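In case you want the letters, here they are:
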Amino acid sequence: MKALNFTCSRIFALSLVLLCASVTAGTKPLWQTLPPTPKLPNPTASGYAKVNGAEIWYAEFGKGKPVILLHGGLANANYFGDLVPVLDKKYRVIVMDTRGHGRSSNDGQQLTYKLLSSDVVGLMDHLKIFKAAVIGWSDGAIVGLDMAMQYPKRLTRVFAFAANSNPSGVKDTSKSPVFQTFSARTKKEYQALSPTPNGYVKFSKNVTTMWATHPDFTKQELAKIHTPVWIVDGDHDEAIKRSDTEFLANSIPGARLVIQKNVSHFSFLQNPKQFDYDVLAFLKAESPEND
């Protein structure tokens, strides 16, 4: 494992970003806030792809090497609204709503990370993308790691923010004000976006069942990953145990561990400049053989 020292040795420019963010946030720490869900910019293309019995909504932005953004459980692609404009100047950025989430449908199947991984590959086939980098948050990060095991030839790199290896790596979030605000928000967003707006209870039960039983990544399985991986998390993540984050980084050959400062499970909302900086560094590190 290569540990990136993003604590004391950040370059001056990033230090200014952190300083400005702390000032604008006032006395309340960033990790205790949940800024509004951003909006996606106007896409160059969007639509639905029929994948594994579901209608998967997607949108594309920019041109260049493909980068797929995968959101977390209960959420939707809009959560990447701050990141897309940073990436689409150089990359072909694809966002998608996970089956049953946002604008995508589900055909009644119980959600599993293997199914969600297969959905991403199905969308890639629909868009005629053979290989792409994946930037995943929470469930999206788990899907990225699962893809690195199941479909390594379809990936160039995986940026896994706030993933866990199994349910024991997750904290109790029931007493977290930020998570409670997030849960209430996602219910309203589901009702506004979903083709089945009255189905939130069934949908959330499907998601929480998956969380209670999956993933189950063993050290032996993770050791077989040869796709370049960054394991990333916030230093105040309310949901993921640091020991599990370190387990992932230690188990994947050559993985880099990045712990972002003064942010939580929602780093990309709380300090988008810091999050964007790390994502851009991750993409620039892409090796020629993965082009």
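Refer to the structure presented above.
Since the model is a prediction, treat every value here as computed from it, not as a measurement.

Moving on to the side chain of Asn76. Mapped onto the secondary structure, Asn76 falls in the loop between strand S4 (65-70) and helix H2 (84-87). Looking at Asn76, its side chain comes within polar contact range of the side chain of Glu189, at 3.3 Å. Non-local contacts of Asn76, meaning those with residues more than four positions away in its chain, are made with His71, Asp97, Gly102, Arg103, Glu189 and Leu193.

Below, the discussion takes up the packing of aromatic side chains. Under the counting rule described, the total for this entry stands at 18 aromatic pairs. With centroids separated by 5.2 Å and ring planes inclined at 65 degrees, the aromatic side chains of Phe159 and Phe282 adopt a geometry described as edge-to-face. With Phe159 in strand S7 (residues 155-161) and Phe282 in helix H10 (residues 272-284), this pair connects stretches of sequence that are 123 residues apart. Chaining the aromatic ring pairs together yields one cluster made of Tyr79, Phe80, Trp137, Phe159, Phe161, Phe179, Phe182, Trp230, Phe266, Phe268, Phe275 and Phe282. When the ring centre of Trp57 is taken as reference, the NZ or CZ atom of Arg103 above it lies at 3.8 Å.

Here helix H6 (residues 200-213) spans 20 Å end to end across 14 residues, near enough to the 20 Å set by a 1.5 Å rise per residue. Residues of H6 that are buried in the fold lie against helix H3 (113-126), helix H4 (139-150) and helix H5 (177-193).

The tally for this structure, following the rule as stated, stands at three cavities of 30 Å³ or more. A volume near 90 Å³ is recorded for the largest cavity. Along the wall of the largest cavity there are 14 residues; nearest its centre are Leu70, His71, Thr98, Leu116 and Val143. Counting residues per element, the ones that place at least two in the lining of the largest cavity are H3 and H4. Per-class residue counts for the lining of the largest cavity are five nonpolar, six polar and three charged.

Take the side chain of Glu60 next. Within the element layout of this structure, Glu60 appears in strand S3 (residues 54-61). What makes Glu60 buried here is its relative accessible area of 11%. Once you skip the residues sitting within four places of it in the chain, Glu60 turns out to touch Pro43, Thr44, Ala45, Arg92, Val93, Ile94 and Leu127.

The rules we used
Residues numbered from 1 in each chain as written. Predicted model: local features only at pLDDT ≥ 70, side-chain atom pairs only at ≥ 80, totals over all residues. Heavy atoms only, no water. Helix = DSSP H or I, 4+ residues; strand = E, 2+ residues; numbered from the N terminus. Polar contact = N/O pair within 3.5 Å; in protein donor to acceptor, adjacent residues only side chain to side chain. Contact = heavy atoms within 4.5 Å. Phe/Tyr/Trp six-rings, centres within 6.5 Å; stacked < 30°, edge-to-face > 60°. Lys NZ or Arg CZ within 6 Å of the ring centre and 35° of its normal. Expected span 1.5 Å × (residues − 1). 1 Å grid on protein atoms, 1.4 Å probe; cavity = no way out; pocket = protein on both sides within 12 Å on 5 of 7 lines; lining within 4 Å. Points joined across faces, edges and corners; volume = space filled by probe spheres on them. Nonpolar A, V, L, I, M, F, W, Y, C, P; charged D, E, K, R; others polar. Buried < 20%, exposed > 50% of the residue type's maximum accessible area, 1.4 Å probe, protein only.

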